[in-house]
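# Residue-level structure breakdown
Here's the letter readout for the chains.
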Amino acid sequence: MAQALAMPVAPSFSVLSKGGNPSNSLTNTLYCPTSTHRKFRSLSIQCVRVGGVEIPNNKRVEFSLQYIHGIGRTRSRQILCDLNLENKITKDLSDEELISVRDEVSKFMIEGELRRFNALNIRRLIDIQCYRGVRHQKGLPCRGQRTKNNCRTLKGKKVSIAGKKKAPR
């Protein structure tokens, strides 16, 4: 069974070995590139920034807009329809199209502004001590769900009560 073993010796050298014994790897093959200068990769933009969020470059615009808090599938489709843009890959957008997408996204309540709005609404409910506010305060569901068996997300991990025995049938 032949295995290839590559060990970096210097930035421009690497040692290749075929076989199981790496101790005599220098005797097998020595690879030395002919050019001694290094090639630098050109700078490439990995993500596009829209609404204060870096959205992925390699996905279609409809799906990459959904990385912004407050924009879902429906709203991203609505933005594309309003701008008459086709749903192409984000890195293929021209600068003008990107600017128009940013302007359209900025019309909506997104990210920090939306989070602040929701937190203030919950804080208001807690302050006026209404039923929903009390449920938020206790960390229980506030939309009428049953709590005997479910709602583990809100209540947290199950805690067993010591000394409690099951009732006989």
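All figures in this text were calculated on a predicted structure; none of them were measured in a lab.

Next up on the list: the overall build of the protein chain. A count of helical and extended segments in the protein chain gives 7 helices and 5 strands. The order of helices and strands in the protein chain, counted from the N terminus, is β-β-α-β-β-β-α-α-α-α-α-α. Out of the 169 residues belonging to the protein chain, those deemed buried represent 22%. Sequence separation of 24 or more characterises 35% of the internal contacts of the protein chain that already satisfy a separation of 6 or more.

Relative to the assigned elements, S76 resides in helix 3 (residues 73–83). In this structure S76 comes out as buried when scored by relative accessible area, which is 0%. In contact with S76, not counting residues within four places along its chain, are E62, L65, Q66 and I71.

Moving on, we get to the pattern of salt bridges. Here the idea is simple: oppositely charged side chains can pair when their charged atoms come close. Scanning the entire structure with this criterion turns up 6 salt bridges. The residue E97 makes a salt bridge to K88 at a minimum N-O spacing of 3.2 Å. The two residues E97 and K88 agree in class, both being buried. A single network of salt bridges, built from pairs that share partners, joins E62, R73 and R77.

A cluster of basic residues, R152, K155, K158, K166 and R169, forms a positive patch on the protein surface. Within the secondary structure, K166 sits in the segment after helix 7 (152–155).

What follows covers the side chain of E111. Positionally, E111 belongs in helix 5 (residues 111–127). Side-chain polar atoms of E111 contact the backbone nitrogen of H69, separated by 2.8 Å.

Moving on to the pairing of strand 4 (residues 47–50). Of the two faces of strand 4, only one is covered, namely that formed by V48 and V50; the face formed by C47 and R49 stays uncovered. The pairing of strand 4 with strand 5 (residues 53–56) spans 4 bridges and is antiparallel. Note that in strand 5 the partner of R49 across the bridge is E54. Taking the residues that link successive antiparallel strands as the turn, the strand 4-strand 5 hairpin has 2 residues, and the phi of G51 there is positive, at about 65°.

Before going further, it helps to examine the nonpolar core. Ranked by internal contacts, the top residues of the largest apolar core, which has 17 residues, are V50, L65, I68, I71 and V105. At the level of elements, strand 4, strand 5, helix 3 and helix 4 (95–105) are the ones that each hand at least two residues to this core.

If you trace the backbone, R152 turns up in helix 7. Since its relative accessible area comes to 35%, R152 is described here as partly exposed. Here the alpha-carbon distance between R152 and P141, two residues 11 residues apart in the chain, equals 9.9 Å. Once residues lying within four places of it in the same chain are set aside, the contact partners of R152 are K157 and K158.

Look at N84: it is not a glycine, yet its phi comes out positive at around 55°. Phi is positive for E111, close to 50°, though the residue is something other than glycine.

In this section: helix 5. Across its 17 residues, helix 5 extends 24 Å between first and last C-alpha, which sits within 8% of the 24 Å expected from 1.5 Å per residue. Those residues of helix 5 lying buried are E111, L114, L125 and I126. Buried positions in helix 5, seen along its axis, are confined to an arc of 115° and lie on one side of it. Among the exposed residues of helix 5, those pointing more than 90 degrees away from its buried face are R116, L120 and D127. Buried residues along helix 5 sit in contact with strand 5 and helix 6 (131–138). Q129 occupies a position one or two residues after helix 5 and carries a positive phi of about 55°.

The rules we used
- Residues numbered from 1 in each chain as written.
- Predicted model: local features only at pLDDT ≥ 70, side-chain atom pairs only at ≥ 80, totals over all residues.
- Heavy atoms only, no water.
- Helix = DSSP H or I, 4+ residues; strand = E, 2+ residues; numbered from the N terminus.
- Buried < 20%, exposed > 50% of the residue type's maximum accessible area, 1.4 Å probe, protein only.
- Contact = heavy atoms within 4.5 Å.
- Salt bridge = Lys/Arg side-chain N within 4 Å of Asp/Glu carboxyl O.
- Patch = residues over 30% accessible without salt bridge, like charges linked within 9 Å, V, L, I, M, F, W, Y side chains within 5 Å.
- Areas by Shrake-Rupley, 256 points an atom, 1.4 Å probe, with all protein chains shown as cover.
- Lys, Arg positive; Asp, Glu negative; His and termini not counted.
- Charge placed at Lys NZ, Arg CZ, Asp CG, Glu CD.
- Polar contact = N/O pair within 3.5 Å; in protein donor to acceptor, adjacent residues only side chain to side chain.
- Pairing = 2+ DSSP bridges.
- Core = buried A, V, L, I, M, F, W, Y, C linked by side-chain atoms within 4.5 Å.
- Expected span 1.5 Å × (residues − 1).
- Arc of directions from axis to C-beta.

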